[in-house]
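Letter by letter, the chains look like this.
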Amino acid sequence: LDAANAAAVAAITRHLDGLPLAIELAAARSALLSPQLLLSRLSHPLEVLTGGPRDLPPRQQTLRDTIAWSYALLTPPEQAIFRRLSVCAGGCLPAAAAMIADDGEQETSEDAALELLLSLVEKNMLHSEERTAAGVRFSMLETIRQYGREQLAAAGESERTQRRHAVYYLRFAERAAEHLQGADQVDWLRQLDDELANLRCALAWQPPTGAADDLLEDKLRVAGKLFLYWHLRGRY
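Residues numbered from 1 in each chain as written. Predicted model: local features only at pLDDT ≥ 70, side-chain atom pairs only at ≥ 80, totals over all residues. Heavy atoms only, no water.

## Structural notes on the packing of aromatic side chains
Counting across every chain of the model gives six aromatic pairs. Geometrically, the ring pair formed by Tyr71 and Tyr147 is edge-to-face, given 5.6 Å between the ring centres and 70 degrees between the ring planes. Here the residue Tyr71 occupies a position in helix α5 (residues 63-72), and Tyr147 occupies one in helix α9 (residues 142-154), the gap between them amounting to 76 residues. Ring geometry for Tyr168 against Tyr169: centres 4.9 Å apart, planes inclined by 80 degrees, an arrangement best described as edge-to-face. This pair shows no difference in class: Tyr168 is buried, exactly as Tyr169 is. An aromatic cluster is defined as three or more aromatic residues linked by ring pairs; in this entry it consists of Tyr168, Tyr169, Phe172 and Trp188. (Phe/Tyr/Trp six-rings, centres within 6.5 Å; stacked < 30°, edge-to-face > 60°. Helix = DSSP H or I, 4+ residues; strand = E, 2+ residues; numbered from the N terminus. Buried < 20%, exposed > 50% of the residue type's maximum accessible area, 1.4 Å probe, protein only.)

Here you go:
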């Protein structure tokens, strides 16, 4: 570790969410790749971080195998909500989880979603954080979220889940915009701050090539109605 590579090493550690196994696997690559070069390849860490110590159990020899082993231990309802929540950027609240995880066949109540989320926290697949204004927020480490996105695609649920995510956050943004000039402005500004990453995903999401974006008008309307938020937060 020296002045030339310290910043890259720190960035690698942050990029890997501080996961000890991920950092160990990254360190094993340092014999072949400089920290700067390794960092440039970590946009897909599950593909790069393979080949762990051979004396470890198979599930601990690659980051993907470790996460897959934990995923396989989940119940089917836990697996379903886990992979569907991988579309959320920066986490979500139980109300959002209930709508996004709904498969269209059997409605998921907020209470049922909360029970599944708490179970996933106990199994270290999610993290929870108490927020004073909005309640408990649940989020994934980015490496685990990437695995969830892979499972979502494998299940053929990506488009439907992404659409439900976009619909939920566009509705949330419209509701929030109505409160930005009232007495509870500060509270709603904070809620919008919490959901900024999700809002950006909702506004940017596009259906598969060739499909009409029937949410485009809603996206344009919401982007305009949030003018005061963009203005107050300096996010022109």
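## A closer look at helix α7 (residues 94-101)
With seven of its eight residues buried, α7 lies for the most part within the structure. Listing the buried residues of α7 in full gives Pro94, Ala96, Ala97, Ala98, Met99, Ile100 and Ala101. Along its buried surface, α7 packs onto α6 (76-84), α8 (110-122), β2 (135-139) and α10 (158-177). (Contact = heavy atoms within 4.5 Å.)

## Here's the deal with the pattern of salt bridges
Two side chains with opposite charge may pair up if their charged atoms get near one another. Counted by the stated rule, this structure contains 14 salt bridges. For Arg221, the salt bridge is made with Glu174, and the minimal N-O distance between the two is 2.8 Å. Of this pair, Arg221 sits in helix α13 (residues 216-225) while Glu174 sits in helix α10, and the two are 47 residues apart along the sequence. On the basis of relative accessibility, which here comes to 34%, the residue Arg221 falls in the partly exposed class. Classification of Glu174 as buried rests on a relative accessible area of 19%. Residue Arg233 is joined to Asp193 by a salt bridge in which the shortest nitrogen-to-oxygen separation is 2.7 Å. Of this pair, Arg233 sits in the segment after α14 (227-232) while Asp193 sits in helix α11 (residues 185-194), and the two are 40 residues apart along the sequence. (Salt bridge = Lys/Arg side-chain N within 4 Å of Asp/Glu carboxyl O.)

## Let's talk about the nonpolar core
Formed by 58 residues in total, the largest nonpolar core has its most connected members in Phe82, Leu85, Tyr169, Leu192, Leu226 and Tyr229. Examining the composition of this core, we find that nine residues originate from one element, α10, more than from any other. Among all residues touching Leu226, those that are not within four sequence positions of it are Ala173, Ala177, Leu192 and Leu199. (Core = buried A, V, L, I, M, F, W, Y, C linked by side-chain atoms within 4.5 Å.)

## Digging into the confidence of the model for the protein chain
For the protein chain, the average pLDDT comes to 86, and 88% of its residues sit at 70 or higher. Put simply, helix α4 (residues 45-48) is where the protein chain has its lowest mean pLDDT, 62, and α14 is where it has its highest, 96. (pLDDT = per-residue confidence, 0-100.)

## Structural notes on the side chain of Glu78
Structurally, the position occupied by Glu78 is in helix α6. Glu78 gets classed as buried once you look at its relative accessible area, which sits at 5%. There is a polar contact of 2.9 Å between the side chain of Glu78 and the backbone nitrogen of Thr75. (Polar contact = N/O pair within 3.5 Å; in protein donor to acceptor, adjacent residues only side chain to side chain.)

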